[in-house]
Amino acid sequence: NQLNFSGGPGALPESVLRQLQEAIHAVPEVGLSILGISHRSDWFAAVVAELQSNIRGLLGLPPSYHVLFLQGGATQQFSMVPMALLAGRSRPADYLQTGYWSGKALPEARREGPVRVVWSGQACGFGRLPRDEELDFASDAAYLHYVSNETVEGLQFHRVIGRDEVPRVCDMSSDFLSAPGEFGRFSMIYAHAQKNIGPSGVTVVVLKDGLLDGAPDAMPGFLDYRRQIEAGSIFNTPPVFAIYAVLLVTRWLRDDVGGLAAMGGINAAKARLLYRALDRADGFYRPRAAVPDRSTMNVAFTLASPELEKRFLAEAEDAGFSGLAGHRSVGGIRASIYNGLQLGAVEKLVGFMDDYRRRHR
Ligand code: PLP
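Residues numbered from 1 in each chain as written. Predicted model: local features only at pLDDT ≥ 70, side-chain atom pairs only at ≥ 80, totals over all residues.

Draft legend 1. Highlighting the overall build of the protein. Along the protein, the regular secondary structure elements total nine helices and 14 strands. On C-alpha atoms alone, the protein measures out to a radius of gyration of 21 Å, which is about the 21 Å that the 2.2 N^0.38 rule sets for 361 residues. When its C-alpha atoms are laid out on the principal axes, the protein stretches across 65 × 55 × 30 Å. Taken across its 361 residues, the protein has 45% of its residues classed as buried. In the protein, the share of contacts with a sequence separation of at least 24, taken over all contacts with a separation of at least 6, comes to 69%. (Helix = DSSP H or I, 4+ residues; strand = E, 2+ residues; numbered from the N terminus. Rg over C-alpha atoms; globule rule 2.2 N^0.38 Å. Buried ≥ 20, exposed ≤ 12 C-beta atoms within 10 Å, placed from the backbone. Contact = placed C-beta atoms within 7 Å.)

Draft legend 2. Molecular detail of the UniProt feature "domain: Aminotransferase class V" (unreviewed entry) in the protein. What UniProt calls "domain: Aminotransferase class V" (unreviewed entry) maps, in this numbering, to residues 4-343. Segment residues 4-343 splits into 33% helix and 16% strand. End C-alpha atoms: 12 Å apart. (UniProt positions renumbered as here; feature names shortened; annotations may be inferred.)

Draft legend 3. Representation of the sheet that holds strand 14 (residues 333-336) within the structure. Strand order across the open sheet formed by three strands is 11-12-14, with antiparallel pairing between neighbours. In the strand order of this sheet, the two ends are held by strand 11 (286-287) and strand 14, each with one partner. One ladder, built from two bridges, connects strand 11 with strand 12 (residues 298-302); its direction is antiparallel. When the sheet's bridge partners are listed, Arg286 is paired in strand 12 with Thr302. (Pairing = 2+ DSSP bridges.)

Draft legend 4. The UniProt feature "binding site: L-glutamate" (unreviewed entry) in the protein, seen in detail. Summarizing the sequence annotation, UniProt attributes the feature "binding site: L-glutamate" (unreviewed entry) to Arg40 in the numbering used throughout. Take Arg40: it is sitting in the loop between helix 1 (14-25) and helix 2 (42-59). On the basis of neighbour count, Arg40 is assigned to the exposed category, with 9 C-beta atoms found within 10 Å.

Draft legend 5. Expanded view of the domain arrangement of the protein. Domain boundaries assigned for the protein yield domain 1 (3-9 + 259-360) and domain 2 (14-257). Measuring from the centre of the C-alpha atoms in domain 1 to the corresponding centre in domain 2 gives 26 Å. Across the contact, 27 residues belong to domain 1 and 26 residues belong to domain 2. Counting only elements with at least two residues in the side of domain 1 that touches domain 2, the list comes to helix 7 (260-278) and strand 12. Here the side of domain 1 that touches domain 2 gets six residues from one element, more than from any other, and that element is helix 7. Residue composition of the side of domain 1 that touches domain 2, grouped by class: 12 nonpolar, 11 polar and four charged. (Domains from an automatic or database assignment. Nonpolar A, V, L, I, M, F, W, Y, C, P; charged D, E, K, R; others polar.)

Draft legend 6. The arrangement of the site of the ligand in detail. Taken together, Gly8, Gly73, Ala74, Thr75, Trp101, Val147, Thr151, Asp171, Ser173, Ser174 and His192 form the complete shell of residues around the ligand. If you tally residues by element for the shell around the ligand, the top one is helix 3 (residues 73-85), at three residues. Considered class by class, the residues forming the shell around the ligand number three nonpolar, seven polar and one charged. (Near = placed C-beta within 6 Å.)

Draft legend 7. Layout of the sheet that holds strand 8 (residues 168-171). Sheet architecture is open: seven strands sit in the order 2-10-9-8-5-3-4, paired in mixed fashion. Each edge of the sheet is formed by a strand with only one pairing partner; in this case those strands are strand 2 (65-70) and strand 4 (115-120). Shown here is a sheet whose adjacent strand axes are inclined to one another by a mean of 20°, direction ignored. The pairing of strand 5 (residues 144-147) with strand 8 spans four bridges and is parallel. Paired with Tyr146 across the two strands is Cys170, which belongs to strand 8. Strand contacts of helix 4 (residues 100-110): strand 3 (93-97), strand 4, strand 5 and strand 8, with the helix running at about 150° to strand 3, the strand carrying the most contacts. (Axes fitted to C-alpha atoms, helices over the stretch in contact; angles between N-to-C directions.)

Draft legend 8. Up close: the pairing of strand 2. In terms of residue burial, strand 2 counts as a mostly covered element, since six of its six residues are buried. Every second residue of strand 2 is oriented toward a common face, with Tyr65, Val67 and Phe69 on one face and His66, Leu68 and Leu70 on the other, all of them buried. When strand 2 meets strand 10 (residues 203-208), the two strands line up antiparallel, connected through six bridges. In the strand pairing of strand 10, Phe69 is matched with Val204.

Draft legend 9. Structural view of the environment of Val330. Relative to the assigned elements, Val330 resides in the loop between strand 13 (321-322) and strand 14. Accessibility expressed as a C-beta count within 10 Å gives 17 for Val330, which makes it partly exposed. Sequence spacing of Val330 and Leu58 is 272 residues, and the spatial spacing of their C-alpha atoms is 34 Å.

Below, the structure written as structure tokens:
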């Protein structure tokens, strides 16, 4: 089998895949295939309840945070957030433009209300994140929106930014449940599943009670967080299979890996190995991200010429490494090393990279 270094969907742990395989045949407690179990069944109600609790537990959040399982990907959150928190307000929302995905959130927010871009990395080609002294946040902003890990450029915030009096809303799609953090400092966190915690089809939204006070009355029901909360994420037919897969991953994280601190340690070790290979003195590999902002999830780099990159990707594919092409918007190479990818896979990739470097420098 190929090793999955793709930007997403990412690899899932073997033990989870085996349980999913069994569930496709028949969920033992129910005697039906998971693909045909009613979303109104007691079994599924228990799945949703346990998953909500597992996510709160892993993030260390109190029960006053709602946990929702929505559809439409992280992209739908780019719209749902300003529909609830910006539309009809006079105060602008603060947004950061730190890369491709935070940039995608901007036009969706502007459609709903005034937006202030606090900092943009466009001028520096999204090669780094802002330093604290470059960030002048408004104390009365409707909210602050940023992306904790820019999947395309491989830039990750290693600190929480913003003012505590302004609600923080964060797209954690590509580093959700990958390491410990100060999650209680956020009013809303959203993340699609298909990087670290499951297949595509479900997006986790964690939000603080009270955040929606003042949201417009007339919103489409499906796009209204309040209606989704009332319905316990079963407003309509939810993606039962994807939600069950995420449940299995949270059990794996807690029971097999040993929690987010342990997961963070493994992910940091994987990233260290790769960056060390990129930093070898001859400059054969050229890391994209500034050193302090390097992502532990997406390791993006280029080579001296498009020919060397093309050859690298072709040889890597033949050697069993899949998904290493950089995002279509920037090209180059990107090794994504989400939760489900083992340290051994990264060791093999580093072996390949060192060999390629020796043969082509
Ligand atoms: N936000 C981030 C950080 C992403 O990496 C992506 C996609 O990769 C998205 C948003 C868009 O997600 P979706 O395809 O689930 O809408």
